[in-house]
Amino acid sequence: MEQVTDGLVLREVKVGEADKILTILSPQLGIINASARGSRRLKSKLFSGCGLFCYSEFTLSSGRNTWFVQQATVKRVFHGIGASVGGMALAAYLAELTSLLPLTEKEAPRQMRLLLNSLYLISEQKKPLWQIKAVYELRTMTLNGYMPQLLCCRDCHKYDGDGFLLEYQGGELLCRDCAARENKTPNLDQGSLKALRYICLMEDDQIFSFELKEKSIPFLCRVAEEYTIYQMERPVKSLGFYHSVQ
Ligand SMILES: [Zn+2]
């Protein structure tokens, strides 16, 4: 059986002399592994369409346990990703994070658009890396059913103020006073809480359009990352590399 699908190459593992196993995000199939035989040969018709972070139209045939790439036609290459080590490291992290998601057909198309937009912004250097990363993490959690409860304090329903705690377990907000009652301290200032709400609640096409004061950036970045890693319940190995090159 053959299937034609658009797909983004999230990972490539070299096998033997000229083959690769690709991990592909497909809007129709979710995350799949596919063998691209001979694709590392320069003359292979699969060579250009099977590169890392390539967005291609794939013709796949299904084997007993895996897919085989029969054809790959490039639709988009993000050439600028390789221009900086930081950009490359972020793209690798976003791709690995995505490959670990239990995506179904329901979430896969929106996840795909989010990742394509993020790779575009990295490639064209349109937004700072911290912003692309935080938006991707929080939006990915929201898309996959882990949106934190961001309306108000869980205990007293306070909405606004400087100093809120987002609890990773349960994904609930506590104001400074209610957090203190449990001997906990805030991890968000006013600006980062506002940004957090914006990212999780805005329409898809507006999520990257926010400004954040310099002093609030570390709060947003830390909470976005820690909340995401907590919900994933497993390490994302390329995160360490991302931090080592910032
Ligand atoms: Zn409270």
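Conventions used here
Residues numbered from 1 in each chain as written. Predicted model: local features only at pLDDT ≥ 70, side-chain atom pairs only at ≥ 80, totals over all residues. Heavy atoms only, no water. Patch = residues over 30% accessible without salt bridge, like charges linked within 9 Å, V, L, I, M, F, W, Y side chains within 5 Å. Areas by Shrake-Rupley, 256 points an atom, 1.4 Å probe, with all protein chains shown as cover. Salt bridge = Lys/Arg side-chain N within 4 Å of Asp/Glu carboxyl O. Helix = DSSP H or I, 4+ residues; strand = E, 2+ residues; numbered from the N terminus. Buried < 20%, exposed > 50% of the residue type's maximum accessible area, 1.4 Å probe, protein only. Expected span 1.5 Å × (residues − 1). Contact = heavy atoms within 4.5 Å. 1 Å grid on protein atoms, 1.4 Å probe; cavity = no way out; pocket = protein on both sides within 12 Å on 5 of 7 lines; lining within 4 Å. Points joined across faces, edges and corners; volume = space filled by probe spheres on them. Nonpolar A, V, L, I, M, F, W, Y, C, P; charged D, E, K, R; others polar. Domains from an automatic or database assignment.

Engineer: Describe a nonpolar patch on the surface, and please don't skip the residues or the numbers.
Structural biologist: The grouping of Val13, Val15 and Ile21 at the surface amounts to a nonpolar patch, some 180 Å² of accessible area in total. Structurally, Ile21 can be placed in strand β2 (residues 19-26). Looking at Ile21, the relative accessible area reads 32%, which means it is partly exposed.

Engineer: Pulling in residues and values, what's your account of helix α2 (residues 108-124)?
Structural biologist: Along its 17 residues, α2 runs 24 Å from first to last C-alpha, staying within 8% of the 24 Å computed at 1.5 Å per residue. Within the span of α2, buried status applies to Ala108, Gln111, Met112, Leu114, Leu115, Leu116, Ser118, Leu119, Leu121, Ile122 and Ser123. The inward-facing, buried residues of α2 abut β1 (2-15), β2, β3 (30-36), β4 (55-62), α1 (85-99) and α3 (129-143). Remark: Gln125 follows α2 within two positions and exhibits a positive phi of approximately 50°.

Engineer: Account for the layout of surface pockets, naming residues and giving values.
Structural biologist: In this structure, the largest pocket occupies an estimated 310 Å³ of space. Going through the elements one at a time, β1 and α1 are the ones with two or more residues in the lining of the largest pocket. With five residues, α1 is the single largest residue contributor to the lining of the largest pocket. Of the residues contributing to the lining of the largest pocket, the split by class is eight nonpolar, one polar and five charged. Residue contributions to the lining of the largest pocket reach at least three from each of two domains, namely domain 1 (2-76) and domain 2 (79-148 + 185-244). If you add up the space inside the second largest pocket, you get close to 230 Å³. Along the walls of the second largest pocket sit Asp189, Gln190, Gly191, Lys194, Ala195, Tyr198, Phe210, Glu211, Leu212, Lys213, Lys215 and Ser216, which together make up its complete lining.

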